[in-house]
Amino acid sequence: MWVWRTGRVTLCGNLATAILYGVLVTVAALTGGHESTDFSWLLVVPVLAAFVVGLRSAWIWLAVVWGTVLVFWFFSSSLALDLIPASVRDLHALQNRLG
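Residues numbered from 1 in each chain as written. Predicted model: local features only at pLDDT ≥ 70, side-chain atom pairs only at ≥ 80, totals over all residues. Heavy atoms only, no water.

(A) The arrangement of the packing of aromatic side chains in detail. For the structure shown, the criterion picks out three aromatic pairs. Look at Tyr21 and Trp61: their rings are 5.7 Å apart centre to centre, the planes differ by 50 degrees, and that puts the pair in the tilted class. Taken together, the residues Tyr21 in helix 2 (residues 9-30) and Trp61 in helix 4 (residues 55-74) connect sequence positions 40 residues apart. Residue classification places Trp61 among the buried positions, given a relative accessible area of 12%. Between Phe39 and Phe72 the ring centres are 5.3 Å apart and the planes differ by 65 degrees, which places this aromatic pair in the edge-to-face class. With a gap of 33 residues between them, Phe39 in the loop between helix 2 and helix 3 (44-52) and Phe72 in helix 4 connect regions that are remote in the sequence. (Phe/Tyr/Trp six-rings, centres within 6.5 Å; stacked < 30°, edge-to-face > 60°. Helix = DSSP H or I, 4+ residues; strand = E, 2+ residues; numbered from the N terminus. Buried < 20%, exposed > 50% of the residue type's maximum accessible area, 1.4 Å probe, protein only.)

This is the structure we're talking about:
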């Protein structure tokens with residue numbers, strides 16, 4: 001509805017992409033960081049930006065995702081919490097892959 005009022009498709013598309021990015025980074029941080037199966041869903045962010053906004057925003061979001069990957073990789077011991085117990089980690093990974 002906000003797009004109809006303002007006509008700013010780029011702003012709305014980037015806002016939706018930023019919300020998805022924030023949710024995915026939070027979930028990845030709470031479930032083990034870059035070792036989590038949820039971390040791979042960050043690849044969806046630039047794809048969403050490409051389809052909704054355009055290639056320029058997709059390249060920017062790709063750089064943001066790569067920066068996030070590097071930050072999680074270098075600071076994995078201090079950034080990531082592992083709230084999933086080791087006994088159910090394999091089951092969580094299977095459920096994540098199945099959808």
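(B) Expanded view of helix 2. The end-to-end C-alpha distance of helix 2 is 32 Å, a good match for the 32 Å that 22 residues give at a rise of 1.5 Å each. Considered for burial, the residues of helix 2 that qualify are Cys12, Gly13, Thr17, Tyr21, Leu24, Val25, Ala28 and Ala29. Phi for Gly32, located one or two positions after helix 2, is positive at around 120 degrees. (Expected span 1.5 Å × (residues − 1).)

(C) How the structure looks around a nonpolar patch on the surface. On the surface, a nonpolar cluster with roughly 550 Å² of combined accessible area is contributed by Leu70, Val71, Trp73, Phe74 and Phe75. Mapped onto the elements, Phe75 comes out in the loop between helix 4 and helix 5 (76-79). Judged by relative accessible area, Phe75 falls into the partly exposed class, the value being 48%. (Patch = residues over 30% accessible without salt bridge, like charges linked within 9 Å, V, L, I, M, F, W, Y side chains within 5 Å. Areas by Shrake-Rupley, 256 points an atom, 1.4 Å probe, with all protein chains shown as cover. Salt bridge = Lys/Arg side-chain N within 4 Å of Asp/Glu carboxyl O.)

(D) Up close: the packing of helix 2 against helix 3. Look at helix 2 against helix 3: their axes get within 10 Å of each other, and the N-to-C directions meet at 165 degrees. Looking at the two axes, helix 2 sits roughly antiparallel to helix 3. The crossing of helix 2 and helix 3 is right-handed. Residues Val9, Gly13, Ala16, Thr17, Leu20, Tyr21 and Leu24 of helix 2 form the contact with helix 3, whose own contacting residues are Val44, Val45, Leu48, Ala49 and Val52. Residue composition of the contact of helix 2 with helix 3, grouped by class: ten nonpolar, two polar and no charged. (Axes fitted to C-alpha atoms, helices over the stretch in contact; angles between N-to-C directions. Parallel < 35°, antiparallel > 145°, perpendicular 65-115°, else oblique. Left-handed = near helix turned anticlockwise from the far one by under 90°. Contact = heavy atoms within 4.5 Å. Nonpolar A, V, L, I, M, F, W, Y, C, P; charged D, E, K, R; others polar.)

(E) Focus on the nonpolar core. Core analysis: the biggest nonpolar cluster contains 13 residues, and Tyr21, Val25, Phe39, Leu42, Val45, Trp61 and Phe72 have the highest contact counts within it. Elements represented by at least two residues in this core include exactly helix 2, helix 3 and helix 4. Broken down by element, this core gets its largest block of residues, five residues, from helix 2. With sequence-adjacent residues up to four places away left out, Val45 is seen in contact with Thr17, Leu20, Tyr21, Leu24, Trp61 and Val65. (Core = buried A, V, L, I, M, F, W, Y, C linked by side-chain atoms within 4.5 Å.)

Scope: geometric values only; no functional claims are made or implied.
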